[in-house]
Protein chains: 2
Amino acid sequence: MAQRRIKLVIHYDGTAYHGWQAQPDVDTVQHQLQVAVGKLCEQDNVRLVGSSRTDTGVHALGQVAHLDIDTPVPTCNFVRSLNRYLPDDIVVVSAEDVDESFDAISSTQSKIYRYTVYTAKLRSVRDIRYCWHRPAELDIDAMQIAAAKLLGTHDFKSFASAADQRESSVRTILKCDVIDEMPWIHFDVQADGFLYNMVRNIVGTLVDIGRGRWNADYMDQILAAKDRTAAGKIAPAKGLTLVEIFY
Amino acid sequence: MAQRRIKLVIHYDGTAYHGWQAQPDVDTVQHQLQVAVGKLCEQDNVRLVGSSRTDTGVHALGQVAHLDIDTPVPTCNFVRSLNRYLPDDIVVVSAEDVDESFDAISSTQSKIYRYTVYTAKLRSVRDIRYCWHRPAELDIDAMQIAAAKLLGTHDFKSFASAADQRESSVRTILKCDVIDEMPWIHFDVQADGFLYNMVRNIVGTLVDIGRGRWNADYMDQILAAKDRTAAGKIAPAKGLTLVEIFY
C-alpha cells in the first residue's frame, strides 16, 4: 500500500475547545480528530493540516483539513467510523481522496465567516453559545454603508490583532454583508485570507457604527489609519462561525 | 410592607443542571433562581414553587414559578436584576404580582411539551443539546395515527416510569401532534397533567412505531395493558422542552 491524501470537511461547536490547533495540556479540535484517526487506522502520531486555526470558542460548519496516511481502511468508511470515535460536538461530514497537489491551507481560494449578534433585550438561552448578546438598537443602514467600504483590496492592519510586521496585511474582501433578521443580525465576510481576529475586529467596529459611536464614513479613516487602536473593540469569539472554504 | 406573591416565567437550557428541583450537593435551576432572588432582595432561605419538576437535561422555554416575599424591590425591577445574578443559561422573561390564590402548581390548567428528534444521518453539532439524534427513516403517517389514539382521557400507566400506586394515572391529552420538518420531527403534547417521564415514554413508543417495530394500531394494546413494559423505550431527556403552561 502507498500513502494517500484525504480531505475532510468538519463541523464543530467550539465552546468546549481551546480552538482548532493542537497544543500541550489543553483539549483542541485538531487533537480530537488526530486521536480519532489514530484509533481508526491504528496509528500513532497522525497529523492533520487544518485550513483555519479557529480560536477558542469559535465554531465551524465547514472547516477543511487534509492528512496523509497509509492504511487499509477505505476512505468511504472514514465518515461513519470517525464520528463514532469523536465527541458529539465534532462531526466529520465528508472524506475524500485528493491529489497530492491539494493542500488544505495553500490551496484555499477564499473563506466565508458568519458573525451573529442577538439584539433582543433578554438573552436567548438556546443560542448563548452561538451569538453575541448585544441588546441595543443598531442602525442597519449605517452598518451596511460602512461594510461596503471594506470591499476590495485594502491594507486591513487596523483590524489585525497582534499584526506580524514582516507580513503584508493586505487582503481582498469579496463580500461583507450585514443581514437583518431581527432580533438577529448576521455579518457574512468572505475574503481571500484573514488577519488574526480580523472578522471579530470588523464586527466590533461595525457595531460601534450601528449604535452611533461613529458615522459610516468614519470607516474610511479607520482603514487609512492602519492602526489597530483606530478601530472598535473586538467582538466575542462565540458569535463567530467558519462557514465555508473555497478551493 | 407586606408579603406579596410574584409569578415568574423562566427559560433555561437544562444541559448543565440536575433538573429543576433543589437538592443537596448538586446544581439545579431552582437553586440558581433562589440564590439570585436572595441576592436581589438580600434575604436568606428564599423558596420558589415551580410548576414543573423538569428532569436533568430537560429544557424550558416557559417554566412558571411563584414566590412570596416581603421586599422594597419593586416587581418591575425583577427581570433585569435577576438576569444579572443568573448564569447565562437561565433567564427570567417576566415577573408580575399575582393574587395569593395563584399557585404555580395547583392553578395549572394544562401544559405543552415539545420533543424533537433529528433524523439526518450525521448529527448536527449545533443542536446536539436539544434533540435526540435518531438517524432512521420514520413513518410519519403511522406515528400520527398512533398519536391520535392518545387524545382524550385515558389511564396512561403504560407510559409512567415508577408509577405511584396510590395515585391515579388517568390524564387527559388535549393535543398530540407529530410535526414533520425533515430532518426534524417535533412531537407536541398538551395535557392537563403528566405522569413521570410520560412524554419521553410516549415519544420512545411513537418512534418504535415510526420505524416499523409495531403498527399504529398496536397503540391501543399498549394503552389497554396499563403496564410500562408494554410500551417502547424511554427517549433521552435532552430532546424535551417545556414550552408553555396554561392557567
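Residues numbered from 1 in each chain as written. Chains lettered and ligands numbered in written order. Predicted model: local features only at pLDDT ≥ 70, side-chain atom pairs only at ≥ 80, totals over all residues. Heavy atoms only, no water.

**What about the environment of V73(B)?**
All names here are of chain B. Assignment of secondary structure puts V73 in the loop between strand 3 (59-69) and helix 2 (78-85). With 31 residues separating them along the chain, V73 and E42 place their C-alpha atoms 9.9 Å apart. Those residues within four positions of V73 in sequence are excluded, and the remaining contacts are R4, L40, C41 and F78. (Helix = DSSP H or I, 4+ residues; strand = E, 2+ residues; numbered from the N terminus. Contact = heavy atoms within 4.5 Å.)

**Digging into the packing of aromatic side chains**
Under the counting rule described, the total for this entry stands at 13 aromatic pairs over all chains. Ring centres of F156(B) and F159(B) lie 6.5 Å apart, and the angle between their planes is 50°; on these two criteria the pair is classed as tilted. The class of F156(B) is buried, set by a relative accessible area of 0%. In this structure, R126(B) is placed above the aromatic ring of Y130(A), and the distance from its NZ or CZ to the ring centre is 4.2 Å. (Phe/Tyr/Trp six-rings, centres within 6.5 Å; stacked < 30°, edge-to-face > 60°. Buried < 20%, exposed > 50% of the residue type's maximum accessible area, 1.4 Å probe, protein only. Lys NZ or Arg CZ within 6 Å of the ring centre and 35° of its normal.)

**Overview of the relation of the copies chain A and chain B**
The two copies are related by a screw motion: chain A maps onto chain B through a turn of 180° and a shift of 0.0 Å along the axis, at an RMSD of 0.0 Å. Such a turn and shift between the copies fits a two-fold axis. The fraction of interface residues of chain A whose copies in chain B are also interface residues reaches 100%, indicating that both copies meet through the same surface. (Least-squares fit on C-alpha atoms with pLDDT ≥ 70 in both.)

**Topic: the environment of E167(B)**
With respect to the element layout, E167(B) can be found in the loop between strand 7 (152-155) and strand 8 (170-181). The spatial distance from the C-alpha of E167(B) to the C-alpha of V98(B) is 30 Å, given a sequence separation of 69 residues.

**Observations concerning the pattern of salt bridges**
All chains considered together, the criterion is met by 24 salt bridges over all chains. Between D88(A) and K238(B) there is a salt bridge, and its shortest N-O distance comes to 3.9 Å. Taken as a pair, D88(A) in the loop between helix 2 (78-85) and strand 4 (90-98) and K238(B) in the loop between helix 5 (218-225) and strand 10 (240-246) lie in two separate chains rather than in one. As a salt-bridge pair, E96(B) and K7(B) come within 3.8 Å of each other at their nearest N and O atoms. (Salt bridge = Lys/Arg side-chain N within 4 Å of Asp/Glu carboxyl O.)

**Re the packing of helix 1 (residues 29-41) of chain A against helix 2 of chain A**
All names here are of chain A. Axis separation between helix 1 and helix 2 bottoms out at 9 Å; the angle between their running directions is 115°. Here helix 1 runs over helix 2; the crossing is right-handed. On helix 2, the residues touching A36, V37, K39, L40 and C41 of helix 1 are F78, S81, L82 and Y85. When grouped by side-chain class, the residues that make up the contact of helix 1 with helix 2 number seven nonpolar, one polar and one charged. (Axes fitted to C-alpha atoms, helices over the stretch in contact; angles between N-to-C directions. Left-handed = near helix turned anticlockwise from the far one by under 90°. Nonpolar A, V, L, I, M, F, W, Y, C, P; charged D, E, K, R; others polar.)

**Re the interface of chain A and chain B**
Every contact between the two is made by 24 residues of chain A and, on the other side, 24 residues of chain B. Summed over both sides, the interface between chain A and chain B buries roughly 2,100 Å², with carbon and sulfur atoms accounting for 54% of that surface. Counting the surface chain A buries against chain B, the share from its top three residues, R123(A), V125(A) and R126(A), is 37%. Ionic pairing is found between D88(B) and R123(A), a salt bridge with its closest N-O pair at 4.0 Å. (Buried area = accessible area lost by both parts, 1.4 Å probe.)

**Side note on empty space enclosed by the protein**
Residue and element names in this part refer to chain A. Per the stated rule, a full pass over the model turns up one cavity of 30 Å³ or more. Estimated volume of the largest cavity: approximately 30 Å³. Considering the residues around the largest cavity, the lining is formed by Y118, R123, S124, I128, C131, H133 and K238. (1 Å grid on protein atoms, 1.4 Å probe; cavity = no way out; pocket = protein on both sides within 12 Å on 5 of 7 lines; lining within 4 Å. Points joined across faces, edges and corners; volume = space filled by probe spheres on them.)

**A closer look at the domain arrangement of chain A**
All names here are of chain A. One can read the domain layout of chain A as domain 1 (4-98) and domain 2 (110-246). Look at where the C-alpha atoms of domain 1 and domain 2 centre, and you get two points 28 Å apart. Of the residues lining the interface, 15 residues belong to domain 1; the matching set on domain 2 comes to 15 residues. Regarding the contact of domain 1 and domain 2, the summed buried area is about 1,100 Å², with carbon and sulfur atoms giving 52% of it. Our count for the contact surface shared by domain 1 and domain 2 stands at one salt bridge. Measuring nitrogen to oxygen at the nearest pair gives 3.8 Å for the salt bridge that ties R200 to D55. Between domain 1 and domain 2 we count nine residue pairs in polar contact (both at pLDDT 80 or more) in total. (Domains from an automatic or database assignment. Polar contact = N/O pair within 3.5 Å; in protein donor to acceptor, adjacent residues only side chain to side chain.)

**Some thoughts on the confidence of the model for chain A**
Scored by pLDDT, chain A has a mean of 96; 99% of the residues are at 70 or more. In the predicted assembly, ipTM is 0.87 and pTM is 0.92. (pLDDT = per-residue confidence, 0-100.)

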